[in-house]
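Structural features, examined
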Amino acid sequence: MPRVAVLLATYNGIAFISDQVESLLKQVSCAVDIWVSDDQSTDGTWEWLCDRAAGEARISLLPRVERFGNAARNFYRLLQDVDFSRYQYMALADQDDIWFLDKLALSIGQLRERKAAAVSSDVTALWPDGRQQLIRKSQKQRSLDFLFESAGPGCTYVMTAECAAAFKQFLTHNRSGVAAVRFHDWMLYAWVRSHGFTWHIMPRPTMLYRQHGKNEYGVNRGWAAFRRRLAQVRSGWYREQILQISRLVCDGASFTAECAATMRLVEARGILSRVALAAKVCKLRRELQGRAWLFLACMFGGI
């Protein structure tokens, strides 16, 4: 069976960690090892992990080091420190979801069938009251979307060990620059796409994506999500993230002249540049709502 390294980042997730770990260990048609990095939890998560790992050889705990402060830096640490040489595939996992038991088997099947380096998927959002909603992330990929958004939640990502090892090498040489990127899933997607690898987004959910008050980032829907997006645009944070990612991946084989020209429009900020950028939104975002939001951000000076 294919061997998969599952990278699990945790922080104060005691209410959810048991369900998630069990769903990881019960994956079918593959051999799973779970590698955990805990960001100085104070609610008993670390102690639970230590107890569970003591009786389960498939769980390895990385030593706790400094406080990372966000999920992205915790995942960068995992990607940097885990040795992928014994595995065929690597997957990312959040602490609070529940994977369908065939998530990895389906993902590996798509990687092989499509000769892809990485896959991701739709998710089924799950609220505490039991409500569920399909969240589609599998809209048709666009030529430049990787510079403006991720492929979806990073907890759906599965990639070949070769691709993960190549990203690890990139991370080693660009540690400080990558640390400035707040979304590890966006950074990974941008690097893979810009370096000529194939990424497939599966048009089906592979996990229950829990929504609760402690989500660092959850379903990007509703009034709260709109206000967060607006604040990110108005502060210039979203624009800086776009430029930071583009600087990091600009040497990629698939970072085309069109990519470079688009980034010059983002840097310029003049009215003509904003209009030209707004005219390209169909190449920059996959979802119709995301294109409309980006168009308005360009026209009103947020990008």
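Attention in this report is confined to the structure presented alongside it. (Residues numbered from 1 in each chain as written. Predicted model: local features only at pLDDT ≥ 70, side-chain atom pairs only at ≥ 80, totals over all residues. Heavy atoms only, no water.)

Moving on to the overall build of the protein chain. Within the protein chain, the secondary structure is distributed over 13 helices and 9 strands. For 303 residues, the compact-globule formula gives about 19 Å, and the C-alpha radius of gyration of the protein chain, at 19 Å, lands near that figure. In terms of overall dimensions, the protein chain has C-alpha extents of about 60 × 40 × 35 Å along its principal axes. The burial tally for the protein chain puts 56% of its 303 residues in the buried class. (Helix = DSSP H or I, 4+ residues; strand = E, 2+ residues; numbered from the N terminus. Rg over C-alpha atoms; globule rule 2.2 N^0.38 Å. Buried < 20%, exposed > 50% of the residue type's maximum accessible area, 1.4 Å probe, protein only.)

Another aspect to go through is the packing of helix H10 (residues 257-268) against helix H11 (residues 271-278). Interhelical geometry of H10 versus H11 gives an angle of 135° and a closest axis separation of 8 Å. Comparing the axis directions of H10 and H11 gives the class oblique. Here H10 runs over H11; the crossing is left-handed. Contacts between H10 and H11 involve Thr262, Leu265, Val266 and Ala268 from the first element and Ser273, Ala276 and Leu277 from the second. (Axes fitted to C-alpha atoms, helices over the stretch in contact; angles between N-to-C directions. Parallel < 35°, antiparallel > 145°, perpendicular 65-115°, else oblique. Left-handed = near helix turned anticlockwise from the far one by under 90°. Contact = heavy atoms within 4.5 Å.)

Let us now look at a nonpolar patch on the surface. On the surface, Ile271, Leu272 and Val275 cluster together into a nonpolar patch covering about 310 Å² of accessible area. Along the polypeptide, Leu272 turns up in helix H11. (Patch = residues over 30% accessible without salt bridge, like charges linked within 9 Å, V, L, I, M, F, W, Y side chains within 5 Å. Areas by Shrake-Rupley, 256 points an atom, 1.4 Å probe, with all protein chains shown as cover. Salt bridge = Lys/Arg side-chain N within 4 Å of Asp/Glu carboxyl O.)

Take H10 next. Given 3.6 residues per turn, any residue in an α-helix points the same way as the ones three and four places further on. Its 12 residues give H10 an end-to-end C-alpha distance of 17 Å, which sits within 8% of 16 Å, the value for a rise of 1.5 Å per residue. Those residues of H10 that sit buried are Cys259, Thr262, Met263 and Val266. One side of H10 carries all its buried residues, which in axial view fall inside an arc of 100°. Facing away from the buried surface of H10 by more than 90 degrees, the exposed residues are Ala257 and Arg264. Residues of H10 that are buried in the fold lie against helix H9 (237-249), H11 and helix H12 (281-284). (Expected span 1.5 Å × (residues − 1). Arc of directions from axis to C-beta.)

Attention now moves to the state of the cysteines. Tallied over the full model, the rule gives 0 disulfides. Counting only cysteine sulfurs, Cys259 is the nearest neighbor of Cys250, a cysteine outside any disulfide, at a range of 10 Å. A residue is classified by how much of its surface remains accessible, and Cys250, at 44% relative accessible area, is partly exposed. Cys282 forms no disulfide, and the closest cysteine sulfur to it belongs to Cys298, at a distance of 12 Å. (Disulfide = S-S within 2.5 Å.)

Take Asp97: it is sitting in the loop between strand E4 (89-93) and strand E5 (98-99). Lacking a salt bridge, the buried Asp97 has Arg210 as its closest oppositely charged neighbour, with an N-O distance of 6.3 Å. Side-chain polar atoms of Asp97 contact the backbone nitrogen of Arg210, separated by 3.3 Å. When residues no more than four places from it in sequence are discounted, the contact partners of Asp97 are Gln20, Cys155, Met207, Leu208, Tyr209 and Arg210. (Lys, Arg positive; Asp, Glu negative; His and termini not counted. Polar contact = N/O pair within 3.5 Å; in protein donor to acceptor, adjacent residues only side chain to side chain.)

Residues Phe148 and Met187 are the most contacted members of the largest nonpolar core, which totals 62 residues. With 7 residues, the top contributor of residues to this core is helix H7 (residues 184-194). Judged by nonpolar contacts, the second largest core, of 31 residues, contains Ile17, Leu111, Ala116 and Ala125. (Core = buried A, V, L, I, M, F, W, Y, C linked by side-chain atoms within 4.5 Å.)

Everything listed is a geometric property; what it means functionally is a separate question.
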